[in-house]
Amino acid sequence: MEVKKMEDSRMIVRNPFSGLREAPDLDALEDSIFRRVAKINLPKHSDPLSISKTKITVFTQLYENKLRRFTILYRQVKSAHAFHISLCDSIYEGGYNQLLRDLESVLNSMALLKKLKHAYEIKLKTNPLSTNQLRREFLGRAGSIIKSLKPVFARIKTHSTLLSNLPNIDLTVFKVVVVGTPHVGKSSLVSNLTSRKIKIGSYPFTTKEINAGELREGSTHAIIYDTPGLLDRPLEERNNIEIRAIMALKHLANLAIFLVDPTERAGYPVTYQKTVLSSLKQVLGDLEFIEVYTHADELMTIPSEHIICVSNITLQGIDFLKNYILKKAQSWYLSQQGVLKRGS
């Protein structure tokens, strides 16, 4: 994976799919190469052999130049972080492994074209009287190689926007996700807990941006993410691909806050919200969850001593929750000191 070490010692894992947005339109690429080769002007005294060799060489070079970026892109995708792999599985037709195979097909097409060029250079030497025919043969076979990639580029273009806009992740910061059913106050809670908003990329199966903010006290800080649109219907009604997108959260977060609306004004009974929590715990495996009740200013009694209660209106309980998160962050940073030293 591409990890960029920042001046403040942070280690940012870049979205390995960002280069997909630059994938060319295959028909336009093919058309531009053929047009440029057709327009090659050589001196009038040039012999047919030289003309054919030049056009074959230029065709091959133009194709390689157009697709050279795929070599770097393939390396980035092949070394992707588990978080990005999980999201790719939920987005790309056929999943992450299919994307790798598609990128390999593009790279293989460049190798095939090189072999084809070499073969026709030999044919031109041994059959100098058939140069025009051999050149046409080469261009026809080269065109077939390009056309064979149409399904590949169709898949890449279909999913390139969503994949290229996935967020980067910081390996050196404690991360918290706020989850819960729609309209329970997740965005408000993130705003109340954090002092600085952070711009984050998009997330599959939601049209909204990921809201995030920074909670900081002294040298301890945490990034808190909202997850809009991910739980707008029961997990049981989601397909496997959508479940994978939710499962990717376990690679993003160190702690999950499940926000419960005990008033049920958001339209979801507490029993249903608890069911969602149970299913999330199953899907997200070892990720630690804490249950937080909102509308603390309206509660007559605290549901349990193990449940934190907050109010996004009066800010009751917000400082307590901040301190709870910061203590968890401090413990995590202590546990990571040896890991980060070995990785630096």
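The shown structure was predicted, so the numbers you read here are calculated from the model rather than taken from an experiment.

What counts as what
- Counting from 1, residues in each chain are numbered in the order their sequence is written.
- Predicted model: local features are reported for residues with pLDDT of at least 70 only, side-chain atom pairs are reported and counted for 80 or more only, and whole-chain, interface and lining totals are derived from all residues.
- With hydrogens and water set aside, each side-chain value is computed from the structure's full complement of heavy atoms.
- Secondary structure elements follow DSSP: runs of H or I no shorter than four residues count as helices, runs of E no shorter than two count as strands, and numbering proceeds from the N terminus.
- Every residue pair with non-hydrogen atoms within 4.5 Å of one another is taken to be in contact.
- Calculation of accessible area relied on Shrake-Rupley with a 1.4 Å probe; when residues are assessed, cover is drawn exclusively from the protein chains displayed.
- Relative accessibility under 20% of the residue-type maximum defines a buried residue, over 50% an exposed one, and the middle range a partly exposed one, all with a 1.4 Å probe and only protein chains included.
- Only Phe, Tyr and Trp rings take part, Trp by its six-membered ring, and two of them pair if their centres are within 6.5 Å. Stacked means planes under 30 degrees apart, edge-to-face means over 60, and tilted covers everything else.
- Think of a nonpolar core as a cluster: buried Ala, Val, Leu, Ile, Met, Phe, Trp, Tyr and Cys residues, connected wherever their side-chain atoms sit within 4.5 Å.
- The pairing criterion is simple: DSSP has to find at least two bridges between the two strands.
- By definition here, a helix of n residues has an expected span of 1.5 Å times n minus one.
- Each residue carries a pLDDT score, the predictor's own confidence in it, on a scale running from 0 to 100.
- Structural elements are reduced to axes, namely lines fitted to C-alpha atoms, with helices fitted over the stretch in contact, and the angle between N-to-C directions of any two is expressed from 0 to 180 degrees.
- Oblique is the label for every angle not falling under 35 degrees (roughly parallel), over 145 degrees (roughly antiparallel), or within 65 to 115 degrees (roughly perpendicular).
- Put simply, Ala, Val, Leu, Ile, Met, Phe, Trp, Tyr, Cys and Pro go in the nonpolar bin, Asp, Glu, Lys and Arg in the charged bin, and everything else, Gly too, in the polar bin.
- Polar contact is defined as a pair of N or O atoms within 3.5 Å, subject to the rule that within protein one atom must be able to donate a hydrogen and the other to accept it, and that residues adjacent in sequence are counted only when both atoms are side-chain atoms.
- The sense of a crossing depends on the near helix, which, turned anticlockwise from the far helix by less than a right angle, makes the crossing left-handed and, turned clockwise, makes it right-handed.

**Side note on the overall build of the protein chain**
1) Next: Helix and strand counts for the protein chain stand at 12 helices and 10 strands.
2) Next: Excluding contacts between residues fewer than 6 apart, the proportion of contacts in the protein chain whose partners are at least 24 apart in sequence is 70%.
3) Next: Accessible surface, the protein chain as shown: approximately 17600 Å² in total, 51% of it carbon and sulfur.

**Some remarks on the pairing of strand S7 (residues 220–226)**
1) Next: Burial of S7 is extensive: 7 of the 7 residues sit out of reach of the surface.
2) Next: Of the two faces of S7, the one holding Thr220, Ala222, Ile224 and Asp226 and the one holding His221, Ile223 and Tyr225 are both buried throughout.

**Overview of the packing of aromatic side chains**
1) Next: Scanning the model with the defined rule gives 7 aromatic pairs in all.
2) Next: Taken together, a centroid distance of 5.1 Å and an interplanar angle of 75 degrees make the contact between phenylalanine 34 and phenylalanine 59 edge-to-face. Of this pair, phenylalanine 34 sits in helix H1 (residues 26–38) while phenylalanine 59 sits in helix H2 (residues 48–67), placing them 25 residues apart in sequence.
3) Next: What makes phenylalanine 34 partly exposed here is its relative accessible area of 28%.
4) Next: The buried category is assigned to phenylalanine 59, whose relative accessible area is 0%.

**Overview of unusual backbone geometry**
1) Next: Of note in the backbone geometry, histidine 183 takes a positive phi value of approximately 65 degrees without being a glycine.
2) Next: Structurally, histidine 183 is set in the loop between strand S4 (174–179) and helix H8 (186–193).
3) Next: Exposure remark for histidine 183: the relative accessible area of 69% places this residue in the exposed category.
4) Next: Backbone geometry places leucine 315, a non-glycine residue, at a positive phi of 70 degrees.
5) Next: Of note, leucine 315 is situated in the loop between strand S10 (308–309) and helix H12 (318–343).
6) Next: Accessibility expressed as a relative area gives 45% for leucine 315, which makes it partly exposed.

**Let's talk about the nonpolar core**
Generally speaking, a soluble globular protein has its nonpolar side chains buried in company with each other.
1) Next: Counting 102 residues, the largest nonpolar core has Phe70, Ile257, Leu321 and Ile325 as its most contacted members.
2) Next: Sort the elements by how many residues they give to this core and helix H5 (residues 95–126) lands first, with 11 residues.
3) Next: Excluding residues that lie within four positions of it along the chain, isoleucine 325 makes contacts with Phe174, Val176, Leu193, Leu215, Ala222, Ile224 and Ile257.

**Examining the pairing of S4**
1) Next: Buried residues dominate S4, accounting for 6 of its 6 residues.
2) Next: Across the two faces of S4 the burial is the same, with Phe174, Val176 and Val178 and Lys175, Val177 and Val179 all buried.
3) Next: Where S4 lies against S7, 5 bridges are found, and the strand directions are parallel. The partner of lysine 175 across the bridge, within S7, is isoleucine 223.

**Quick word on helix H6 (residues 131–147)**
1) Next: Counted at 1.5 Å a residue, the expected span for H6 with its 17 residues is 24 Å, and the 24 Å between its end C-alpha atoms agrees.
2) Next: Regarding H6, the residues found buried are Thr131, Leu134, Arg135, Phe138, Leu139, Ala142, Gly143, Ile145 and Ile146.

**Some remarks on the confidence of the model for the protein chain**
1) Next: Confidence in the prediction for the protein chain averages 86 pLDDT; 88% of positions are at 70 or higher.
2) Next: Long-range and interchain partners of residues 340–344, a stretch whose pLDDT sits below 50, account for 3 contacts in this model, where long-range means more than four residues apart.

**A look at helix H11 (residues 270–283)**
Turn by turn, an α-helix covers 3.6 residues, leaving residues three or four places apart pointing in a common direction.
1) Next: Taking 1.5 Å per residue as the helical rise, H11 with its 14 residues ought to reach 20 Å, and the 20 Å between its terminal C-alpha atoms agrees with that figure.
2) Next: All of the buried residues along H11 are Val270, Gln273, Val276, Leu277, Ser279, Leu280 and Val283.
3) Next: Downstream of H11 by one or two residues, glycine 285 has phi in the positive range, about 60 degrees.

**Quick word on the packing of helix H4 (residues 82–91) against H5**
1) Next: Close contact between H4 and H5 brings their axes to 6 Å; oriented N to C, the two are set at 90 degrees. Comparing their axes, H5 and H4 come out roughly perpendicular. From H4, Ile85, Cys88 and Asp89 reach across to H5, where they touch Gly95, Tyr96 and Leu99.
2) Next: The residue makeup of the contact of H4 with H5, split by class, is 4 nonpolar, 1 polar and 1 charged.

**Some words on the side chain of serine 164**
1) Next: Looking at where serine 164 falls in the secondary structure, it is placed in helix H7 (residues 150–164).
2) Next: When its relative accessible area of 5% is taken as the criterion, serine 164 is described as buried.
3) Next: A distance of 2.8 Å separates a polar side-chain atom of serine 164 from the backbone oxygen of serine 160.

**Overview of the packing of helix H3 (residues 69–78) against H5**
1) Next: At their nearest, the axes of H3 and H5 sit 10 Å apart, and the two run at 155 degrees to each other. Classified by the angle between their axes, H3 and H5 sit roughly antiparallel to one another. In the crossing of H3 with H5, the sense of the turn from one axis to the other is left-handed. For the pair H3 and H5, the contacting residues are Phe70, Thr71, Leu73, Tyr74, Val77 and Lys78 in the first and Tyr96, Leu99, Leu100, Leu103, Glu104, Val106, Leu107 and Met110 in the second.
2) Next: Residue composition of the contact of H3 with H5, by class: 11 nonpolar, 1 polar and 2 charged.

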